[in-house]
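If you want the building blocks of each chain, they are given just below.
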Amino acid sequence: NHRDFSRHNPNRFRALLGTFCRQNFTQFNRLDGRGYDFCGEECLRIDQINPQMAANLCKSLLIKDRLDETRKKRIDKVLSKIASTKKLSKDLYEVASCSLKLD
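Throughout this document, residue positions are counted from 1 along each chain, in the order its sequence is written. Only residues with pLDDT of at least 70 are given local features in this predicted model, and only at 80 or more are side-chain atom pairs given and counted; all residues enter the totals for whole chains, interfaces and linings. Here the side-chain values reflect all heavy atoms present in the structure, with hydrogen atoms and water set aside.

Some remarks on the environment of Ala-15
Secondary structure is summarised from DSSP: a helix means a run of H or I of at least four residues, a strand means a run of E of at least two, and numbering begins at the N terminus for each. Mapped onto the elements, Ala-15 comes out in helix 1 (residues 10-23). Sequence-wise, Ala-15 and Phe-5 are 10 residues apart; in three dimensions their C-alpha atoms are separated by 10.0 Å.

The structure is reproduced here in structure tokens:
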């Protein structure tokens, strides 16, 4: 909600959310799954504005092969929610659904 942040500015979006999802390992990989949920919600929000950015952010969730079963299940739940969303861009759908098929 900061006045300098805008989802319409790809550089600011990537700097803030991309960094959170790819470099803040402690909070992104919380056992309760809130980091994954946040990432999934932002993917769906940005998909309406910039589908390529949404797909790129969604790739942050593709780390599940390196995680314990609890976290894998939480990520799969987020990816399933994304993949089952109506009016989803082809880019985001492809990333979310392909990851689910690999299991």
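Concerning the nonpolar core
Across soluble globular proteins, nonpolar side chains have a tendency to be buried as a group. The set of buried Ala, Val, Leu, Ile, Met, Phe, Trp, Tyr and Cys residues whose side-chain atoms join them within 4.5 Å is what this entry labels a nonpolar core. With a 1.4 Å probe rolled over the protein chains alone, any residue whose accessible area is under 20% of its type maximum counts as buried; one over 50% counts as exposed, and the rest are partly exposed. Membership of the largest hydrophobic core comes to 26 residues, with the highest contact counts inside it found for Cys-58, Leu-61, Ile-82 and Leu-92. Within the residue set of this core, elements represented by two or more residues are helix 1, helix 3 (34-47), helix 4 (51-58), helix 5 (69-83) and helix 6 (90-101). Not counting chain neighbours up to four residues away, the residues in contact with Cys-58 comprise Cys-43, Leu-79, Ile-82, Leu-92, Val-95 and Ala-96. Every residue pair with non-hydrogen atoms within 4.5 Å of one another is taken to be in contact.

Remarks on the layout of surface pockets
Put simply, the grid is 1 Å and covers the protein atoms alone, a cavity is a trapped set of points that fit a 1.4 Å probe, a pocket is an open set with protein on both sides within 12 Å along at least five of seven lines, and lining residues have an atom within 4 Å of a point. Grid points are joined across faces, edges and corners, and a volume is the space filled by probe spheres set on the points. For the largest pocket, the calculated volume is near 160 Å³. For the lining of the largest pocket, the elements supplying multiple residues, two or more each, are helix 3 and helix 5. No other element matches helix 5, which puts six residues into the lining of the largest pocket. Classification convention: Asp, Glu, Lys, Arg as charged; Ala, Val, Leu, Ile, Met, Phe, Trp, Tyr, Cys, Pro as nonpolar; all other residues, Gly among them, as polar. Partitioning the lining of the largest pocket into residue classes produces three nonpolar, two polar and seven charged.

Some remarks on the packing of aromatic side chains
Side-chain rings of Phe, Tyr and Trp, where Trp is taken by its six-membered ring, are said to pair if the distance between their centres is within 6.5 Å; with planes under 30 degrees apart they count as stacked, over 60 as edge-to-face, and otherwise as tilted. Enumeration according to the criterion identifies three aromatic pairs in this entry. Centroid distance Phe-20 to Phe-28: 6.1 Å. Interplanar angle 90°. Geometry classified as edge-to-face. By relative accessible area, Phe-28 is classed as buried at 1%. Centre to centre, the rings of Phe-28 and Tyr-36 are 5.1 Å apart; their planes meet at 90°, and the pair counts as edge-to-face. Put simply, the rings of Phe-20, Phe-28, Tyr-36 and Phe-38 touch in pairs and so form one group of aromatic residues.

Quick look at helix 4
Those residues of helix 4 not exposed but buried are Met-53, Ala-54, Ala-55, Leu-57 and Cys-58. Those residues of helix 4 that are buried lie in contact with helix 1, helix 3, helix 5 and helix 6.

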